[in-house]
Amino acid sequence: MFTPAQSRTKTVAIKPITVPTSDRAVPLQVKVTAPAGGRGLPVIVFSHGNAWSMDGYEPLVDRWATAGFVVVQPTHLDSRRNTMGFDDPRFGTIWRVRIDDLHAVLDHLDTILAEAGDLIDRADPRSVALVGHSWGAQTVGTLLGARVFDAQGAAGEDFSHDGAKVGVLIAATGTGDSLTPFAAEHLPFMRPDYATMTTPALVIAGDKDQSKMSTRGPDWFLDAFDLSPAPKRLLVVPGGEHTLGGIAGEAVSETTDTDTDRVALVADAVTAYLLDALDRDPEAWSRFRDDTEAVEKASFQHKDRPGPVLPLPARRPPHGSGGPGGLSHTPRR
């Protein structure tokens, strides 16, 4: 049974913990953040966006830990500290190493928890969610069942992992048919096929997120919801740009829409969804959704019945969205 942490403010963090891998350019290391108390704690494995590391995203991680989650953050090869930029010949294969990183974390989760003090006794390794932002969201999507189209349009290998019970994709890459020339040259793996992403997931997108990697507007970030089979949830954050108020950290240069309330909204959405999806609190998502809609902080969609993924209808931008690149704020059914 899930026993929430007694303190809602005290957390502990342990780093670095080295995870066994093979044929990796540098060792895979993770940071573990957890509540100081509580037992039967669910686990979040978090995949960062391009260039970040296990030391980023504290505004999210700290809030999740105080809510009763153990958070495991690997540092992927594209981290700034590894100095592998777009012009590095190894960069084109990093997307595969990222996937291997998450597999290694899930495969060695007991070992990681054992090295993190008493968490081997307090965490529940059978209750695991994957969460990712930006490139990390596409990485997470592959473990939930999404594939990657090759240059000829054929779906690639299945990288799904049974250890991932549920997932959250924050600002996830859309389909590859609208990549800019730069993205097509340097990021050819940015061609996800969400039709096979069958694992339950929440997709979070900002309605002002205009990617430099796509010629489409903010609706590009809805593809993970629109093109994947049920069950799925969608949260659209008004005014949200790519870092959704600053989820990667306080006062970081990448943030273009600084808003601490927006960060809290994203963090709490993930908490509520996972408490529901992991059967810890079956009313958590409904309460969050109702409270959030009551003050018009976000809009929601959902689909619950499995079935064929149908072609998308044309999206009509909402009033005040600023043109055809806006997101559709469809009312909750």
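Residues numbered from 1 in each chain as written. Predicted model: local features only at pLDDT ≥ 70, side-chain atom pairs only at ≥ 80, totals over all residues. Heavy atoms only, no water.

1. Details of the confidence of the model for the protein chain
Confidence along the protein chain averages 87 in pLDDT terms, with 89% of residues attaining 70 or more. Segment residues 310-333 is flagged for pLDDT under 50; beyond a separation of four residues in sequence, or across chains, it makes 45 contacts in the model. (pLDDT = per-residue confidence, 0-100. Contact = heavy atoms within 4.5 Å.)

2. Brief notes about the pairing of strand β9 (residues 201-206)
Side chains on a regular strand alternate between the two faces of the sheet. Taking burial as the measure, the 6 residues of β9 include 6 buried ones, the bulk of the element. Here β9 shows no split at all, with A201, V203 and A205 on one side and L202, I204 and G206 on the other all buried. Where strand β7 (residues 166-170) meets β9, 4 bridges bridge the pair, whose relative direction is parallel. Bridge assignment links I170 to a residue of β9, and that residue is I204. Looking at chain direction, β9 and strand β10 (residues 232-237) are connected through 6 bridges and run parallel. What sits directly across from A205, in β10, is V236. (Buried < 20%, exposed > 50% of the residue type's maximum accessible area, 1.4 Å probe, protein only. Helix = DSSP H or I, 4+ residues; strand = E, 2+ residues; numbered from the N terminus. Pairing = 2+ DSSP bridges.)

3. A word on the packing of aromatic side chains
One pass over the structure, following the stated rule, counts 11 aromatic pairs. Between W52 and Y57 the ring centres are 5.9 Å apart and the planes differ by 65 degrees, which places this aromatic pair in the edge-to-face class. Across the pair, Y57 and W52 agree in class, each one buried. Where Y273 meets W285, the ring centres are 5.9 Å apart and the plane angle is 85 degrees; that geometry is what we call edge-to-face. One end of the pair, Y273, is in helix α8 (residues 260-277); the other, W285, is in helix α9 (residues 284-294), and 12 residues separate them in sequence. Y273 gets classed as buried once you look at its relative accessible area, which sits at 7%. By relative accessible area, W285 is classed as buried at 4%. (Phe/Tyr/Trp six-rings, centres within 6.5 Å; stacked < 30°, edge-to-face > 60°.)

4. Focus: the environment of L179
Along the chain, L179 turns up in the loop between β7 and α6 (181-186). In this structure L179 touches A184, L187, M190, R191, M213, S214 and W220, once residues within four positions along its chain are discounted.

5. Looking at the pairing of strand β11 (residues 299-303)
Counted residue by residue, β11 has 5 buried out of 5 residues, so it is predominantly covered. Burial along β11 is two-sided: the residues S299, Q301 and K303 and F300 and H302 are all buried. For β10 and β11, the ladder comprises 5 bridges, and the chain directions are antiparallel. Across the sheet, R233 pairs through a bridge with H302, a residue of β11.

6. Digging into the packing of helix α1 (residues 58-66) against α8
The axes of two packed helices give the description: the angle between them and the distance between them. Two elements in contact, α1 and α8, have axes separated by 9 Å at closest approach and are oriented at 45 degrees. By the criterion of interaxial angle, the relationship of α1 to α8 is oblique. When you trace α1 past α8, the crossing you get is right-handed. Between α1 and α8, the contacting residues are P59, L60, R63 and W64 on the first element and V263, A264, V266, A267, D268, V270 and T271 on the second. (Axes fitted to C-alpha atoms, helices over the stretch in contact; angles between N-to-C directions. Parallel < 35°, antiparallel > 145°, perpendicular 65-115°, else oblique. Left-handed = near helix turned anticlockwise from the far one by under 90°.)

7. Describing unusual backbone geometry
Each neighbour pair has its own omega, and for K15 with P16 the value is -15 degrees, a cis peptide bond. Inspection of the secondary structure puts P16 in strand β1 (residues 11-19). Residue A230 is joined to P231 through a cis peptide bond whose omega torsion reads 0 degrees. One non-glycine residue with positive phi stands out, namely A171, at about 55 degrees. Following the sequence through the fold, A171 ends up in the loop between β7 and α6. Judged by relative accessible area, A171 falls into the buried class, the value being 1%. Unusually for a residue other than glycine, D279 sits at a positive phi of about 65 degrees. Along the chain, D279 falls in the loop between α8 and α9.

8. Thoughts on the sheet that holds β1
With mixed pairing, the 9 strands of this open sheet are ordered in space as β1-β2-β4-β3-β5-β7-β9-β10-β11. Each edge of the open sheet is held by one strand with a lone partner, namely β1 and β11. Strand-to-strand twist of the sheet, defined as the mean angle between neighbouring strand axes without regard to direction, takes the value 20 degrees. Against the sheet, helix α5 (residues 135-143) contacts β3 (41-47), β5 (123-133) and β7, and its axis sits at roughly 130 degrees relative to β5. Helix-sheet contacts for α8 involve β3, β5, β7, β9 and β10, and the interaxial angle to β7 is about 165 degrees.

9. Focus on α5
With 9 of 9 residues buried, α5 lies mostly within the body of the structure. The complete set of buried residues in α5 reads W135, G136, A137, Q138, T139, V140, G141, T142 and L143. Elements in contact with the buried residues of α5: β3, α2 (94-107), β5, β6 (147-148), β7 and β8 (192-193). Looking one or two residues past α5, G145 carries a phi angle of roughly 125 degrees, positive in sign.

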